[in-house]
Amino acid sequence: MISQSILDFREALPEGGRLAGLDVGTKTIGVALCDAMWTIASPAELIERRKFTVDLARLRDFCKAQGVRGLVVGLPLNMDGSDSPRTQSVRAFVRNLEPLGLPVLLWDERWSTAAVTRTLLEADASRARRAELVDKMAAAYILQGAIDALTRG
């Protein structure tokens, strides 16, 4: 199940469970995790993109090892909310995650990288350190937004 509806996603997870957040880029996939009670999201790892079959295997292993019950994937919309070529690429990536058998929530990520980059700059992180952290921290930012919405209702 792929949805942009928080209600549909919540219904697909009647018993809750751990969620993973993904920030899908052209070179890397930032991965974050939250606890089973949907309280807090934390950066987990950075996957260097390879062929999709390799990426899928890495994600499958990660989800199995961490007991992940659902995925929240950042959707890179244009500032006016419309789709961009990058949005279409992420949607295609998500469709190809079907073999994982997990519900997927597409979540607006328009401000995630900017917010994380600002935080890292304020922390005086070097350019190299920012490059190492930004994608998995953006995944945590995306996932935190989704779990906040999931627990509001």
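- Per an unreviewed UniProt entry, the protein goes by Putative pre-16S rRNA nuclease and derives from Edaphosphingomonas haloaromaticamans.
- For the protein, the Subcellular location (unreviewed entry) comment in UniProt is given as "Cytoplasm".
- UniProt lists a comment for the protein under the heading Function (unreviewed entry), and it reads "Could be a nuclease involved in processing of the 5'-end of pre-16S rRNA."

### Details of the overall build of the protein
No. 1: Along the backbone of the protein there are five helices and six strands.
No. 2: N-terminal to C-terminal, the α/β element order of the protein is β-α-β-β-β-α-β-α-β-α-α.
No. 3: Buried residues in the protein amount to 46% of all 153 residues.
No. 4: The contacts in the protein between residues at least 6 apart in sequence include a share of 67% that link residues at least 24 apart.
No. 5: Carbon and sulfur atoms form 52% of the exposed surface of the protein, whose accessible area is close to 8100 Å².

### Description of the pairing of strand S6 (residues 104-108)
No. 1: Direction of pairing for strand S1 (residues 2-3) relative to S6: parallel, over a ladder of two bridges. Within the sheet, the bridge partner assigned to Ser 3 lies in S6 and is Leu 105.
No. 2: Note that strand S5 (residues 68-75) and S6 share five bridges and pair parallel. The residue bridging Val 72 from the neighbouring strand is Leu 105, located in S6.
No. 3: The parallel pair S5 and S6 is bridged by helix H3 (residues 85-95), and the resulting crossover is right-handed.

### Describing the environment of Ser 82
No. 1: Assignment of secondary structure puts Ser 82 in the loop between S5 and H3.
No. 2: One polar contact links Ser 82 to Asp 80, side chain to side chain, over a distance of 2.5 Å.

### With respect to the nonpolar core
No. 1: Ranked by size, the top nonpolar core spans 24 residues in total, and within it Leu 22, Ile 29, Leu 59, Leu 71, Val 73 and Leu 97 carry the most contacts.
No. 2: At the level of elements, strand S2 (18-24), strand S3 (28-34), helix H2 (52-66), S5, H3 and S6 are the ones that each hand at least two residues to this core.
No. 3: In this structure, Leu 22 is in contact with Ile 29, Gly 30, Val 31, Leu 59, Leu 71, Val 72, Val 73, Gly 74, Phe 93, Leu 97, Ala 139 and Ile 142, ignoring residues within four places of it in sequence.
No. 4: Leu 13, Leu 19, Ala 149 and Leu 150 belong to the second largest nonpolar core, which has 18 residues in total.

### Side note on H3
No. 1: For H3, the set of buried residues is Thr 87, Val 90, Arg 91, Phe 93 and Val 94. Along the axis of H3, the buried positions cluster into a sector of 160°, meaning they face one direction only.
No. 2: In the core, the buried residues of H3 are packed alongside S1, S2, S3, H2, S5 and S6.

### Points about the side chain of Asp 55
No. 1: Relative to the helices and strands, Asp 55 is located in helix H2.
No. 2: The buried category is assigned to Asp 55, whose relative accessible area is 0%.
No. 3: Within the structure, Asp 55 has its side chain in polar contact with the backbone nitrogen of Arg 50 (distance 2.9 Å).
No. 4: Residues in contact with Asp 55, not counting those within four places in the same chain, are Ile 29, Glu 48, Arg 49 and Arg 50.

### Quick notes on the environment of Ala 36
No. 1: Tracing the backbone through its elements, the reader meets Ala 36 in the loop between S3 and strand S4 (41-48).
No. 2: A relative accessible area of 44% means that Ala 36 is categorised as partly exposed.
No. 3: Once you skip the residues sitting within four places of it in the chain, Ala 36 turns out to touch Gly 17 and Arg 18.

Rules behind the numbers
Residues numbered from 1 in each chain as written. Predicted model: local features only at pLDDT ≥ 70, side-chain atom pairs only at ≥ 80, totals over all residues. Heavy atoms only, no water. UniProt positions renumbered as here; feature names shortened; annotations may be inferred. Helix = DSSP H or I, 4+ residues; strand = E, 2+ residues; numbered from the N terminus. Buried < 20%, exposed > 50% of the residue type's maximum accessible area, 1.4 Å probe, protein only. Contact = heavy atoms within 4.5 Å. Areas by Shrake-Rupley, 256 points an atom, 1.4 Å probe, with all protein chains shown as cover. Pairing = 2+ DSSP bridges. Right-handed = clockwise from strand over helix to strand, strands pointing away. Polar contact = N/O pair within 3.5 Å; in protein donor to acceptor, adjacent residues only side chain to side chain. Core = buried A, V, L, I, M, F, W, Y, C linked by side-chain atoms within 4.5 Å. Arc of directions from axis to C-beta.

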